[in-house]
Number of protein chains: 2
Amino acid sequence: MTQNMEIICVGNELLIGKTLNTNAQWMAKQATAMGIAVNRITVVADEVNEIATAIRETLKRKPHFALTTGGLGPTFDDKTLQGIAEALDRKLTVNTEALKMVKEKYETYAKEKGAETVELTQPRIKMATLPEKSKPVSNPIGTAPGVRTDMEQTVLIALPGVPSEMKAIFHETVAPLLRQASGTTAFYEKSIYVDNVMESSLALLVDKVMMDNPDVYVKSHPKGRENKPHMEIHLSTTAEDAGGAEEKLQKAATELSGALRGIGGKIVVCGD
Amino acid sequence: MTQNMEIICVGNELLIGKTLNTNAQWMAKQATAMGIAVNRITVVADEVNEIATAIRETLKRKPHFALTTGGLGPTFDDKTLQGIAEALDRKLTVNTEALKMVKEKYETYAKEKGAETVELTQPRIKMATLPEKSKPVSNPIGTAPGVRTDMEQTVLIALPGVPSEMKAIFHETVAPLLRQASGTTAFYEKSIYVDNVMESSLALLVDKVMMDNPDVYVKSHPKGRENKPHMEIHLSTTAEDAGGAEEKLQKAATELSGALRGIGGKIVVCGD
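Residues numbered from 1 in each chain as written. Chains lettered and ligands numbered in written order. Predicted model: local features only at pLDDT ≥ 70, side-chain atom pairs only at ≥ 80, totals over all residues.

### Points about the overall build of chain A
Inclusion rule: Numbering goes from the N terminus for both helices and strands, where a helix is a DSSP run of H or I of at least four residues and a strand is a run of E of at least two. A residue is called partly exposed when the number of other C-beta atoms within 10 Å of its own lies between 12 and 20, exposed at 12 or fewer, and buried at 20 or more, with C-beta atoms placed from the backbone. Whether two residues are in contact depends on their C-beta atoms, placed from the backbone: they are in contact if these lie within 7 Å.
Each helix and strand counted, chain A has 9 helices and 12 strands in total. In terms of overall dimensions, chain A has a C-alpha envelope of 75 × 35 × 35 Å along the principal axes. For chain A, buried positions account for 50% of its 272 residues. Long-range contacts, defined here as pairs at least 24 residues apart, represent 69% of the contacts in chain A between residues at least 6 apart.

### Considerations on helix α7 (residues 163–182) of chain A
Residue and element names in this part refer to chain A. For clarity, the cut-off: Expected helix span is taken as 1.5 Å per residue step, with the number of steps being one fewer than the number of residues. Across the chain, bend at a residue is computed as the angle between axes fitted to the seven residues ending at that point and the seven starting from it.
In a regular helix each residue adds 1.5 Å, so 20 residues correspond to 28 Å; α7 covers only 24 Å between its end C-alpha atoms and thus falls short of that length. Where α7 bends most, at Phe-170, the angle is about 50 degrees. Within α7, the full set of buried residues consists of Glu-165, Met-166, Ile-169, Phe-170, Val-174, Leu-178 and Ser-182. Looking at the buried side of α7, the elements it contacts are α2 (22–33), β3 (65–69), β6 (135–137), β7 (146–150) and β8 (155–159). Positioned one or two residues after α7, Gly-183 has a phi angle of 65 degrees, which is positive.

### What about the sheet that holds β8 of chain A?
This is how the line gets drawn: Pairing between strands is defined by DSSP: at least two bridges between them are needed. With axes taken as lines fitted to C-alpha atoms, and helix axes fitted only over the stretch in contact, angles between N-to-C directions fall between 0 and 180 degrees.
Spatial ordering of the open sheet is given by β6(A)-β7(A)-β8(A)-β3(A)-β1(A)-β2(A)-β2(B)-β1(B)-β3(B)-β8(B)-β7(B)-β6(B), a layout of 12 strands whose pairing is mixed. On the outer flanks of this sheet lie β6 of chain A together with β6 (135–137) of chain B, each paired with one strand and no other. Going across the sheet, the axis of each strand differs from the next one's by a mean of 20 degrees, ignoring polarity. Both strand β7 (residues 146–150) of chain B and strand β8 (residues 155–159) of chain B contribute to a ladder of 4 bridges, which runs antiparallel. Within β8 of chain B, the position partnered with Arg-148 of chain B by the bridge is Ile-157 of chain B.

### Quick word on the packing of helix α3 (residues 48–60) of chain B against helix α4 (residues 80–88) of chain B
When two helices pack together, their arrangement is given by the angle between the helix axes and by the axis-to-axis distance. Residues and elements named next belong to chain B. Our working definition: In what follows, roughly perpendicular refers to angles from 65 to 115 degrees, roughly parallel to angles under 35, roughly antiparallel to angles over 145, and oblique to any angle outside these ranges. Each crossing is labelled by how the near helix is turned from the far one, with a counterclockwise turn of less than a right angle marking it left-handed and a clockwise turn marking it right-handed. Side-chain classes are defined by residue name, with Ala, Val, Leu, Ile, Met, Phe, Trp, Tyr, Cys and Pro counting as nonpolar, Asp, Glu, Lys and Arg as charged, and the others, Gly among them, as polar.
The interhelical angle for the contact between α3 and α4, taken along N-to-C directions, is 55 degrees, at an axis separation of 8 Å. If you check the angle between α3 and α4, you find them oblique. The element α3 and its partner α4 pack so that their crossing is right-handed. Across the interface between the two elements, Val-48, Ile-51, Ala-52, Ile-55 and Arg-56 from α3 touch Thr-80, Gln-82, Gly-83, Ile-84, Glu-86 and Ala-87 from α4. Of the residues contributing to the contact of α3 with α4, the split by class is 6 nonpolar, 3 polar and 2 charged.

### Some words on the interface of chain B and chain A
Tallying the contact residues gives 50 residues for chain B and 50 residues for chain A. Broken down by secondary-structure element, the contributors of at least two residues to the side of chain B that touches chain A are α1 (12–15), α2 (22–33), β2 (37–44), α5 (96–113), α6 (122–126), α8 (199–212) and β10 (217–222) of chain B. Considered class by class, the residues forming the side of chain B that touches chain A number 22 nonpolar, 17 polar and 11 charged. As judged from the 5 bridges shared by strand β2 (residues 37–44) of chain A and β2 of chain B, these two strands associate in the antiparallel manner. Of the residues in β2 of chain B, the one forming a bridge with Ile-41 of chain A is Val-43 of chain B.

### Side note on the pairing of β7 of chain A
All names here are of chain A. Relative to β7, β6 runs antiparallel, the two sharing 3 bridges. The partner of Val-137 across the bridge, within β7, is Gly-146. Adjacent in sequence and paired antiparallel, β7 and β8 are bridged by 4 residues.

### What to know about the relation of the copies chain B and chain A
Copy one and copy two of the chain differ by a rotation about a common axis and a shift along it. As a reminder, the rule being used: A least-squares fit on C-alpha atoms brings the copies together, and the residues used are those whose pLDDT is at least 70 in both copies.
Superposing chain B onto chain A takes a rotation of 180 degrees combined with a translation of 0.0 Å along the rotation axis, leaving an RMSD of 0.0 Å. The two molecules are tied by a two-fold rotation axis, judged by turn and shift. In terms of C-alpha distance to the rotation axis, chain B has Thr-42 of chain B as its closest residue, with the C-alpha 2.3 Å off the axis. Take the interface residues of chain B: 100% of them recur as interface residues in chain A, which is what a same-surface contact looks like.

### Thoughts on the domain arrangement of chain A
Stated precisely, the cut-off is as follows: Where each domain starts and ends comes from a domain assignment, either automatic or drawn from a database.
Here the domain parsing of chain A yields domain 1 (4–182) and domain 2 (186–270). The centre of domain 1 of chain A, based on its C-alpha atoms, is set 38 Å off from the matching centre of domain 2 of chain A.

### Description of the environment of Thr-93 of chain B
All names here are of chain B. Along the chain, Thr-93 falls in strand β4 (residues 92–94). Judged by the 14 C-beta atoms lying within 10 Å of it, Thr-93 falls in the partly exposed class. Considered as a pair, Thr-93 and Gly-265 are 172 residues apart in the sequence and their alpha carbons are 63 Å apart. With residues up to four places along the chain from it excluded, the contact list for Thr-93 reads Thr-129 and Glu-132.

### Comments concerning the confidence of the model for chain A
Put simply, the test is: For every residue, the predictor states its confidence as a pLDDT score lying anywhere from 0 to 100.
Mean pLDDT for chain A: 93, with 98% of residues reaching 70 or above. The ipTM for the predicted assembly is 0.95, set against a pTM of 0.95.

### Details of the nonpolar core
Note the threshold: In this description, a nonpolar core means buried residues of the types Ala, Val, Leu, Ile, Met, Phe, Trp, Tyr and Cys, linked to one another by C-beta atoms lying within 7 Å.
Residues Ile-7 and Val-38 of chain A together with Ile-7 and Val-38 of chain B are the most contacted members of the largest nonpolar core, which totals 102 residues. Filtering out sequence-adjacent residues up to four positions away, Val-38 of chain B remains in contact with Leu-15 and Ile-16 of chain A together with Met-5, Ile-7, Ala-28, Ala-31 and Thr-32 of chain B.

### Some points on unusual backbone geometry
Residue and element names in this part refer to chain A. With a phi close to 55 degrees, Asp-89 is a non-glycine residue in the positive phi region. Here Asp-89 is to be found in the loop between α4 (80–88) and β4 (92–94). If you check the backbone angles, Lys-133 has positive phi at about 70 degrees while not being a glycine. Tracing the backbone shows Lys-133 in the loop between β5 (129–131) and β6. Lys-133 sits in the exposed class, given 12 other C-beta atoms within 10 Å.

### A short note on the packing of helix α8 (residues 199–212) of chain A against helix α9 (residues 242–262) of chain A
Residue and element names in this part refer to chain A. Remark: α8 packs on α9, axes separated minimally by 10 Å, with the N-to-C direction vectors making an angle of 155 degrees. The angle between the axes of α8 and α9 places the two elements in the roughly antiparallel class. Judged by the sense of rotation from one axis to the other, the crossing of α8 with α9 is right-handed. Facing Leu-205, Val-209 and Asp-212 of α8, the residues of α9 in contact are Ala-252, Glu-255, Leu-256, Ala-259 and Leu-260. Taken together, the residues of the contact of α8 with α9 sort by class into 6 nonpolar, no polar and 2 charged.

Listed below in structure tokens is the structure:
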């Protein structure tokens, strides 16, 4: 059974259009490549209620995995852990293991500066204050640990919003978990680029190719205009067996290319 | 009262990480600049149920505006109007005004090619098949019209996913509507860039500045690492009066800059 995932991005900067949501795309692409279906991406503000509501809604849909990004830092507006605690009706408490991780980071930073003592201020302790029954996930390059919460149906993992830290934790901890869950399942894709065919003329051809190739999803992406058409047609499939997947994609691509040529399309087939 | 908005992006390409969601950022930035608060961005697949569910959830939260983008074209996987119809429990019917718009487009395209007749095929008629009580919105540069549905609490507008078409309809139809709703309200912002202050040391200063300046929202964006800190601190406010807003931002920025210098921060203040 295909594993699925939801992504929740926390941050006012995404809702005011200050920041382009490259994190969501990156995470979606990684998960998809491993054969995990990403069903929904939700962006909410740095407000406990908003975060808690989004998490509750996501957990109700019972995805195998839910990843959040953003809101784990030391400042007052880093509220993701409060949101998770509220959504799960759990208390926030200082987690010994997380506190050890945070403390070691500041000891390293202090040594770099030649300072002797490390002050574990409230904002620093905040990064080690987790919902009960949650576990910290080591952050190889930053200070705030990720936070993993296992529920009956869903593994919820909170990642930082700083892209380099999110990616480092993803590679080290999330990716192996996803790979284990999805087994040999992976995502395969191929694009055909075609000029000279209007999207509206393409519609019936695509319908037929999808009927004939039930495992292949075909989607047209218009790149020009309806009257000066340049189109990418994207074929994809998620499968356990690479050889079979490639074969299915190739069969669908060949059928579609033939049909497109039949209505005057100029084609460039692009592997992958 | 501040007007608010939700954005729903429809498209598998966003969920597989093939496409970076620049549409959501662009729309959020435009709306924010006009003083509209964007509360949530939701990305869902090209599936009627997924779209309908997201729209129902959004409408329950009663935003003043809900914008969708994607899924208005002629192919089978353009399902946004089906999703809206299902969410509102309305029938889909061919809309005379929309059909006229679509027909005129294809007549123009035919003339460009020297063709005499235009065939209104099923995929073309599909773009003029709207939920009952919805109205088409002219698409100045593409074929599929936008679709506006007025409800008691919310104006729902469906826009195409092709960025140039989405932007053209937004400028021509959505922006004037938003401006009228928000009046003179606008969004004002200023950034301070500071080196040499850890985010965890900043936290308490930011708390104090926000207490002293209740209309100004302050958010730190770490750009370096906790131990080699380079930080953008973003100050923003939404207000009806430009002069007052600038004054409030400047007061908060001055207070924050002073406090940052007090703990060894090296500052560049950036107007904007």
